[in-house]
Amino acid sequence: MKGVYKLAVVGVGKIARDQHLPAIAAQPGFELVACASRNASVEGVRNYQDIGALLAAEPSIDAVSLCAPPQVRYAQALAALDAGKHVMLEKPPGASVSEVEALHDIARSRDCTLFASWHSRAASAVVPARAWLASKDAGAIRSVEVRWKEDVRRWHPGQQWIWEPGGLGVFDPGINALSIVTRILPHEVALRAATLTMPSDTSTPIAAELDCVATNGAAVRAVFDWRHGPVEEWDIDVETDAGRLSMREGGKRLTIAGKAIDLGAEREYPALYEHFHALIETKTSDVDVRPLRLVADAFLTGRRVETEPFGR
Ligand code: NAP
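Residues numbered from 1 in each chain as written. Predicted model: local features only at pLDDT ≥ 70, side-chain atom pairs only at ≥ 80, totals over all residues. Heavy atoms only, no water.

Looking at an unreviewed UniProt entry, the chain carries the name Galactose 1-dehydrogenase, with the source organism given as Caballeronia glebae.

Below, the structure is given as structure tokens:
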């Protein structure tokens, strides 16, 4: 650790309180000095109603972390980059791929760091899984199966934005699986077909199936479902010449060819803030849109099947 950067958090809701604030408090490379949220405030720092007021009143902040829903990410990030701040984006990094690409260009032109974070990529199983799949030990990858299923009423109570355009619906958790798959496979993944199950009263899907192919020809199939419970399934299985690699619990557990791998303690968000700090120190950005691009392709090519109203 070298510099200590003054940081502000924008959008103080579930993920900011559950993960960002504790991770920042434990990270000596950042000092939380302010927050901006329309209805919430954080004790011990200066609070503002929105990012405009924050940026006007706090010229000395170095960086902002954007934790509001994706539909407002672009405008907030643009304001921060225009003010010369380094920016960390919660996942998904935007409501569209073009927004994120534009932000990346602007960050480059302003010499600011842009970090499009994917918290699931910091799950403890990801590094060893990626290393094994890239090694000769694994041999060829034959197929990939993703099952990402949970009860939306348990995990997103009262959240209306997930059902609105840009809210991604079941892809809001599903994109976490895609962020892992695009990280651990030594091949690119292309979408070939998708089915989106749409409640008649929402703009986003409650379930989806994706048929993809890796550039080595392996089938990559993902099933996302929000009508599942009470126990969630956040599983990825990769079949290889040398046996099956299985991730469970969103990357907290890993088995390779029948052997359970010892993983360190889970520290997704602390790892994200360490990485953001390192990016600022090295004047670089980290923007990988591939998970969002697969979701965009599913909306582009997917067959829609209407289902009963969700009743929100
Ligand atoms: P949330 O609690 O519904 O929203 C976060 C906060 O953003 C809200 O409390 C609200 O605060 C502000 N906000 C909402 N709509 C806004 C708008 N239109 N304009 C400006 N601010 C608005 O959502 P969340 O669960 O924290 O999710 C936020 C992001 O984190 C999403 O992209 C999600 O995918 C990601 N994420 C969530 C989780 C999770 O477990 N929940 C896990 C990982 C990542 P004010 O009303 O005070 O402005």
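Caption draft 1: Local environment of the pairing of strand E4 (residues 63–66). Side-chain alternation along E4 places Ala 63 and Ser 65 on one buried face and Val 64 and Leu 66 on a second face that is also buried. Sheet analysis places strand E1 (residues 5–10) next to E4, joined by four bridges and oriented parallel. The residue of E4 that forms the bridge with Val 10 is Leu 66. With four bridges connecting them, E4 and strand E5 (residues 86–89) associate as parallel partners. Along E5, the bridge assignment pairs Leu 66 with Leu 89. (Buried < 20%, exposed > 50% of the residue type's maximum accessible area, 1.4 Å probe, protein only. Helix = DSSP H or I, 4+ residues; strand = E, 2+ residues; numbered from the N terminus. Pairing = 2+ DSSP bridges.)

Caption draft 2: Structural context of the UniProt feature "domain: Gfo/Idh/MocA-like oxidoreductase N-terminal" (unreviewed entry) in the chain. According to UniProt, the feature "domain: Gfo/Idh/MocA-like oxidoreductase N-terminal" (unreviewed entry) maps to residues 6–115 in the numbering used here. As annotated, residues 6–115 comprises 39% helix and 23% strand, and the C-alpha atoms at either end are separated by 16 Å. (UniProt positions renumbered as here; feature names shortened; annotations may be inferred.)

Caption draft 3: Structural context of helix H3 (residues 73–82). Where H3 is concerned, the buried positions are Arg 73, Gln 76, Ala 77, Ala 80 and Leu 81. Projected onto a plane normal to the axis of H3, the buried residues spread over an arc of 130° and lie on a single side. Residues of H3 that are buried in the fold lie against E1, helix H2 (51–57), E4, E5 and helix H4 (97–110). Looking at the residues trailing H3, positive phi occurs at Gly 84, about 80°. (Arc of directions from axis to C-beta. Contact = heavy atoms within 4.5 Å.)

Caption draft 4: Representation of the domain arrangement of the chain within the structure. Each assigned domain of the chain is listed with its residue range as follows: domain 1 (5–116) and domain 2 (121–264 + 296–307). Taking only C-alpha atoms, the centre of domain 1 and the centre of domain 2 are 27 Å apart. Listed by partner, the interface residues are eight residues for domain 1 and eleven residues for domain 2. Both sides together, the interface formed by domain 1 and domain 2 hides about 700 Å², and carbon and sulfur atoms give 63% of it. Sorting the residues of domain 1 by area buried against domain 2 places Gln 71, Lys 91 and Pro 92 first, and these three jointly supply 54% of that buried surface. The interface formed by domain 1 and domain 2 holds one salt bridge in total. In this structure, Lys 91 and Asp 172 form a salt bridge, with 3.3 Å as the shortest nitrogen-oxygen distance. (Domains from an automatic or database assignment. Buried area = accessible area lost by both parts, 1.4 Å probe. Salt bridge = Lys/Arg side-chain N within 4 Å of Asp/Glu carboxyl O.)

Caption draft 5: Here's a closer look at the packing of helix H1 (residues 14–25) against helix H8 (residues 268–281). Viewed as axis vectors pointing N to C, H1 and H8 meet at an angle of 55°, and their least axial separation amounts to 8 Å. Viewed along their axes, H1 and H8 adopt a mutual orientation that is oblique. Judged by the twist between their axes, the crossing of H1 over H8 is right-handed. Listed contacts from H8 to Ile 15, Gln 19, His 20, Ala 23 and Ile 24 of H1 are Tyr 269, Pro 270 and Tyr 273. (Axes fitted to C-alpha atoms, helices over the stretch in contact; angles between N-to-C directions. Parallel < 35°, antiparallel > 145°, perpendicular 65-115°, else oblique. Left-handed = near helix turned anticlockwise from the far one by under 90°.)

Caption draft 6: Broad picture of the site of the ligand. If you check the shell around the ligand, you find 23 residues, and the closest are Ile 15, Ser 37, Arg 38, Asn 39 and Asp 172. Lys 14 is positioned such that a nitrogen or oxygen atom in its backbone is 2.9 Å from an oxygen atom of the ligand. Measuring from an oxygen atom of the ligand, one finds a backbone N or O atom of Arg 38 at 2.8 Å. When the free accessible area of the ligand is taken as 870 Å², the share hidden by the protein chains comes to 81%. One can see that the ligand is located within the largest pocket. (Near = heavy atom within 4 Å. Polar contact = N/O pair within 3.5 Å; in protein donor to acceptor, adjacent residues only side chain to side chain. Areas by Shrake-Rupley, 256 points an atom, 1.4 Å probe, with all protein chains shown as cover. 1 Å grid on protein atoms, 1.4 Å probe; cavity = no way out; pocket = protein on both sides within 12 Å on 5 of 7 lines; lining within 4 Å. Sits in = over half its atoms within 2 Å of the grid points.)

Caption draft 7: Main features of the sheet that holds strand E10 (residues 219–225). Overall, mixed pairing links the nine strands, which are arranged E14-E13-E12-E11-E7-E10-E9-E8-E15 in an open sheet. A single partner strand is all that each edge strand has here, and the edge strands are strand E14 (259–260) and strand E15 (303–307). Examined bridge by bridge, strand E11 (residues 233–240) and strand E12 (residues 243–248) share five bridges and lie antiparallel to one another. Directly across from Val 238, in E12, lies its bridge partner Leu 245. On the sheet, helix H5 (residues 126–134) packs against strand E7 (141–149), E11, E12 and strand E13 (253–256) and is oriented at approximately 165° with respect to E12. Together, strand E8 (189–199), strand E9 (207–214) and E15 form the strand contacts of helix H9 (residues 290–301), whose direction differs from that of E8 by roughly 60°.

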